[in-house]
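Here are the chains, one letter per residue:
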There are 2 protein chains.
Amino acid sequence: MTATPSRPVVLTGDRTTGPLHLGHYVGSLEARLKLQDEAEQYLLLADMQALTDHMGRHFTVRENVIEVAIDYLAVGIDPAKSIICIQSQIPELAELSMLLMNLVTVSRLERNPTIKEEIRLRGFERDIPAGFLVYPVSQAADITAFKATVVPVGRDQLPMIEQTNELVRSFNAGVGRDILVECGALLSPVGRLPGVDGKAKMSKSLNNAISLGAEPDEIHKAVKRTYTDSNHLRVDDPGRVEGNVVFSFLDAFESDKQRLAELKRRYRAGGLADSALKRLLDERLQAVIEPIRLRRQRFAKDPGEIINVLRHGTERAREKAAATFAEVRRALGLAYFA
Amino acid sequence: MTATPSRPVVLTGDRTTGPLHLGHYVGSLEARLKLQDEAEQYLLLADMQALTDHMGRHFTVRENVIEVAIDYLAVGIDPAKSIICIQSQIPELAELSMLLMNLVTVSRLERNPTIKEEIRLRGFERDIPAGFLVYPVSQAADITAFKATVVPVGRDQLPMIEQTNELVRSFNAGVGRDILVECGALLSPVGRLPGVDGKAKMSKSLNNAISLGAEPDEIHKAVKRTYTDSNHLRVDDPGRVEGNVVFSFLDAFESDKQRLAELKRRYRAGGLADSALKRLLDERLQAVIEPIRLRRQRFAKDPGEIINVLRHGTERAREKAAATFAEVRRALGLAYFA
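Model, not experiment: these values are computed from the prediction. (Residues numbered from 1 in each chain as written. Chains lettered and ligands numbered in written order. Predicted model: local features only at pLDDT ≥ 70, side-chain atom pairs only at ≥ 80, totals over all residues. Heavy atoms only, no water.)

## Focus: the overall build of chain A
Then comes step 1: When its secondary structure is counted, chain A shows 14 helices and 5 strands.
Then comes step 2: On C-alpha atoms alone, chain A measures out to a radius of gyration of 22 Å, which is about the 20 Å that the 2.2 N^0.38 rule sets for 338 residues.
Then comes step 3: On the principal axes, the C-alpha backbone points of chain A span a range of 75 × 45 × 45 Å.
Then comes step 4: Relative to its full complement of 338 residues, chain A shows a buried share of 54%.
Then comes step 5: Within chain A, residue pairs in contact and separated by at least 24 positions form 78% of the contacts whose partners lie at least 6 positions apart.
Then comes step 6: Accessible surface, chain A: about 14600 Å² in total, of which carbon and sulfur atoms supply 51%.
Then comes step 7: Charge-centre separation for chain A: the mean point of 46 positive side chains lies 1 Å from the mean point of 45 negative side chains. (Helix = DSSP H or I, 4+ residues; strand = E, 2+ residues; numbered from the N terminus. Rg over C-alpha atoms; globule rule 2.2 N^0.38 Å. Buried < 20%, exposed > 50% of the residue type's maximum accessible area, 1.4 Å probe, protein only. Contact = heavy atoms within 4.5 Å. Areas by Shrake-Rupley, 256 points an atom, 1.4 Å probe, with all protein chains shown as cover. Lys, Arg positive; Asp, Glu negative; His and termini not counted. Charge placed at Lys NZ, Arg CZ, Asp CG, Glu CD.)

## Let's talk about the packing of aromatic side chains
Residues and elements named next belong to chain A.
Then comes step 1: Tallying each qualifying case throughout the model produces 8 aromatic pairs over all chains.
Then comes step 2: Their ring planes at 50 degrees and their centres at 6.3 Å tell us that Tyr336 and Phe337 sit as a pair that is tilted.
Then comes step 3: Note on Tyr336: relative accessible area 4%, which makes it buried.
Then comes step 4: For Phe337, a relative accessible area of 22% translates into the label partly exposed.
Then comes step 5: Over the face of the ring belonging to Phe299 we find Arg298, whose NZ or CZ atom lies 5.6 Å from the ring centre. (Phe/Tyr/Trp six-rings, centres within 6.5 Å; stacked < 30°, edge-to-face > 60°. Lys NZ or Arg CZ within 6 Å of the ring centre and 35° of its normal.)

## With respect to the domain arrangement of chain A
For interface size, the figure often reported is the accessible area lost on association.
Residues and elements named next belong to chain A.
Then comes step 1: When cut into domains, chain A gives domain 1 (9-193 + 303-331) and domain 2 (213-297).
Then comes step 2: Each of domain 1 and domain 2 has a C-alpha centre, and these two points are 33 Å apart.
Then comes step 3: Buried surface at the junction of domain 1 and domain 2, both sides included, amounts to about 860 Å², of which 71% is carbon and sulfur.
Then comes step 4: Its largest share of buried area at the contact with domain 2, domain 1 owes to Leu22, Ala74 and Leu193, together 54% of the area lost on that side. (Domains from an automatic or database assignment. Buried area = accessible area lost by both parts, 1.4 Å probe.)

## Quick look at the interface of chain B and chain A
Then comes step 1: In this assembly, 52 residues from chain B lie in contact with 52 residues from chain A.
Then comes step 2: By the criterion of area lost to chain A, the three top residues of chain B are Met55, Tyr336 and Phe337 of chain B, representing 18% of everything that side buries.
Then comes step 3: Taken together, the links from chain B to chain A amount to 0 salt bridges.
Then comes step 4: Our count for the chain B to chain A interface comes out at 18 residue pairs in polar contact (both at pLDDT 80 or more).
Then comes step 5: Counting residues per element, the ones that place at least two in the side of chain B that touches chain A are helix H2 (47-51), helix H3 (58-75), helix H4 (91-100), helix H5 (106-111), helix H7 (130-133), helix H9 (158-175) and helix H14 (303-331) of chain B. (Salt bridge = Lys/Arg side-chain N within 4 Å of Asp/Glu carboxyl O. Polar contact = N/O pair within 3.5 Å; in protein donor to acceptor, adjacent residues only side chain to side chain.)

## Here we look at the relation of the copies chain B and chain A
Then comes step 1: The operation relating chain B to chain A is a screw motion whose rotation component is 180 degrees, with 0.0 Å of axial translation and a residual RMSD of 0.0 Å. Taken together, the turn and the small shift mark the pair as related by a two-fold rotation axis.
Then comes step 2: In this assembly the copies share their binding face: 100% of the residues contributing to the interface of chain B also contribute to that of chain A. (Least-squares fit on C-alpha atoms with pLDDT ≥ 70 in both.)

## What about the pattern of salt bridges?
All names here are of chain A.
Then comes step 1: Scanning the model with the defined rule gives 42 salt bridges over all chains in all.
Then comes step 2: Between Glu92 and Arg318 there is a salt bridge; the shortest N-O distance is 3.1 Å. Highlighted residues: Glu92 in helix H4 (residues 91-100) and Arg318 in helix H14 (residues 303-331), separated in sequence by 226 residues.
Then comes step 3: Residue classification places Arg318 among the partly exposed residues on the basis of a relative accessible area of 33%.
Then comes step 4: In this structure, Lys264 and Asp251 form a salt bridge, with 2.7 Å as the shortest nitrogen-oxygen distance. Of this pair, Lys264 sits in helix H12 (residues 257-269) while Asp251 is found in helix H11 (residues 245-253), placing the two residues 13 residues apart along the sequence.
Then comes step 5: Under the relative-accessibility criterion, Asp251 is labelled partly exposed at 38%.
Then comes step 6: Here the residues in one salt-bridge network are Glu67, Asp71 and Arg296, joined through shared partners.

## Here we look at the pairing of strand E3 (residues 82-86) of chain B
Residues and elements named next belong to chain B.
Then comes step 1: Taken across its 5 residues, E3 has 5 buried, putting it largely inside the fold.
Then comes step 2: Of the two faces of E3, the one holding Ser82, Ile84 and Ile86 and the one holding Ile83 and Cys85 are both buried throughout.
Then comes step 3: Inspection of the sheet shows strand E2 (residues 40-46) paired to E3 by 5 bridges, in the parallel sense. Along E3, the bridge assignment pairs Leu43 with Ile84. (Pairing = 2+ DSSP bridges.)

## Here's the deal with the environment of Leu35 of chain B
All names here are of chain B.
Then comes step 1: Along the chain, Leu35 falls in helix H1 (residues 22-38).
Then comes step 2: For Leu35, a relative accessible area of 11% puts it in the buried group.
Then comes step 3: It is 32 Å that separates the C-alpha atoms of Leu35 and Ile119, two residues lying 84 residues apart in sequence.
Then comes step 4: Other than its neighbours up to four places away in sequence, Leu35 contacts Val10, Gln41, Pro152 and Leu186.

## Remarks on H11 of chain A
All names here are of chain A.
Then comes step 1: Among the residues making up H11, those that are buried are Val245, Val246, Phe247, Phe249, Leu250 and Phe253.
Then comes step 2: Lining the buried residues of H11 we find helix H1 (22-38), H12 and helix H13 (274-300).
Then comes step 3: The N-cap of H11, judged by a side-chain oxygen 3.1 Å from the amide nitrogen of Val246 a few residues on, is Asn244.

## Some thoughts on empty space enclosed by the protein
Then comes step 1: Within this structure, the stated rule accounts for 5 cavities of 30 Å³ or more.
Then comes step 2: Empty space within the largest cavity amounts to approximately 210 Å³.
Then comes step 3: If you go around the largest cavity, you meet 23 residues; those closest to its centre are Met48, Gln49, Ala94 and Ser138 of chain A together with Met98 of chain B.
Then comes step 4: Among the secondary structure elements, those contributing two or more residues to the lining of the largest cavity are helix H2 (47-51), H4 and helix H8 (135-145) of chain A together with H4 and H14 of chain B.
Then comes step 5: For the lining of the largest cavity, the leading source of residues is H4 of chain A, giving 4 residues.
Then comes step 6: Residues belonging to the lining of the largest cavity are distributed by class as follows: 12 nonpolar, 8 polar and 3 charged. (1 Å grid on protein atoms, 1.4 Å probe; cavity = no way out; pocket = protein on both sides within 12 Å on 5 of 7 lines; lining within 4 Å. Points joined across faces, edges and corners; volume = space filled by probe spheres on them. Nonpolar A, V, L, I, M, F, W, Y, C, P; charged D, E, K, R; others polar.)

The following block contains the structure:
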């Protein structure tokens, strides 16, 4: 075991397939805002990983590198504290991926439950792009190149962390030295935000998301169609709180927890209208999104500045990844010209 | 279709898992000696590919980068004409591999007859390292990064060329431009040299090879155990020429073809002793190997010079690969900082 450095190193980020939405805000962006004060935090704009299933839509991937970077800045990620970097601009990540691929079998990758589920979701079956099958290896390269000790994940991604640590142990055992570092999962204490339609996952492609740049009117409309309790037909009827998306959202955005408990009690008993609840939710969401939207608009006007932030972050990230990869190379005897 | 440049670009090379032997000399080194005067020839020391099944023996891979480079120089490869380069020192090859992996499915890779056969030979079955399954993609990256138009291969490797050209077409169609270049196979006019034991393939690991640095005495011993015709017990018996390894070797190394035809006639008729044939073969092999062995010894004394040759070749190769990869990046919209 290598000694844990006093300051944790966090690796997190997003596939750049679309701008971020409220689900990301609750699930991860809020946590990153806290982590940036406590940790050496790398936010990876994973454009290479996005390409594993977006090869025909590469311009979407590129556009969304910029969009997601704007989202980060707009929610308050501070590039002086967090290192925002672009995966494709750090060649050492590809080089380390290629090496780690030799330490895992195809059948082990196929058994990865996260991959299995994603293959099912995308309808790939036997026609999985090879790049998609090996993306857990690429993720392991991202994590280990930065020597991350902490990786924020959802419960469904725990197998990815296990896979990464297997690769770390296998690599270190192979070279007889602890070069790469095992990481720990940081599970989100907050549940995943459902889509406004009540589906388990908020997602742009499912058209059930509220984006971080949403205009007031978009928020109104989204709240209006937010799923409540389809059996709660008359105000006086008792209503269900569980599975009621308006309450899931209020759990995330109503800070007055006593008031929220009282609303739930009244809703269950009957006599609280969906419209009243939705007014409250609309108010809360407008308050959360307005400052983000305004900052988004300001940043979007200055793409040169965004590129500068990305350039600077990517340079810092590359320094760290290159240092790790130099150790990897030396350990494997591949430093011919050093 | 892109226009074929007037001077062909050749990509060839060797997995660096062991020093080269007579089989390599006849099968490919001789051809490369000719090609270096006619083409822009890249000789890739494929250490990354060697690691796909040598991860636990990485120091062997490293040592043999140097040994194979010495073999090249000893047979007369001229670093002023041929570009000798090390795969692991050209990050663009890993980067391009990662991108091309998104354009081929796992099942397509599993159907590749070359991969199927190699999986069988290595006894991998379902426990194929992921890096091994995707090595045809890595090969395609090597070929396309240098925009090679000609790839010398054995007949058994034709599926690799087809796989590469599929990836080229798929990539170019995806970006709507002809960035990568299709290649053609250059089939060796000479058959593959068998092992001295009569097995189909000369291979160091099968212990049936004669190395390019073999001492006179090693050559004697190897010739002595070289397989002839096990039914040719008495000199006067008629002997078989087909499958007789001594004749296979003489086909490759006896330049007086009329004399060779006469020997075959006499052997078939009966009356020509194996010992006489072997004396001739020994003479021929000593003549071929002696100058190579002497040059090998001279080069082996100056490892610094070998490293210089490799450094220079790798720099030249990297320039070409980086130029191609810059085009690939631009075509995919991934040139954020350009």
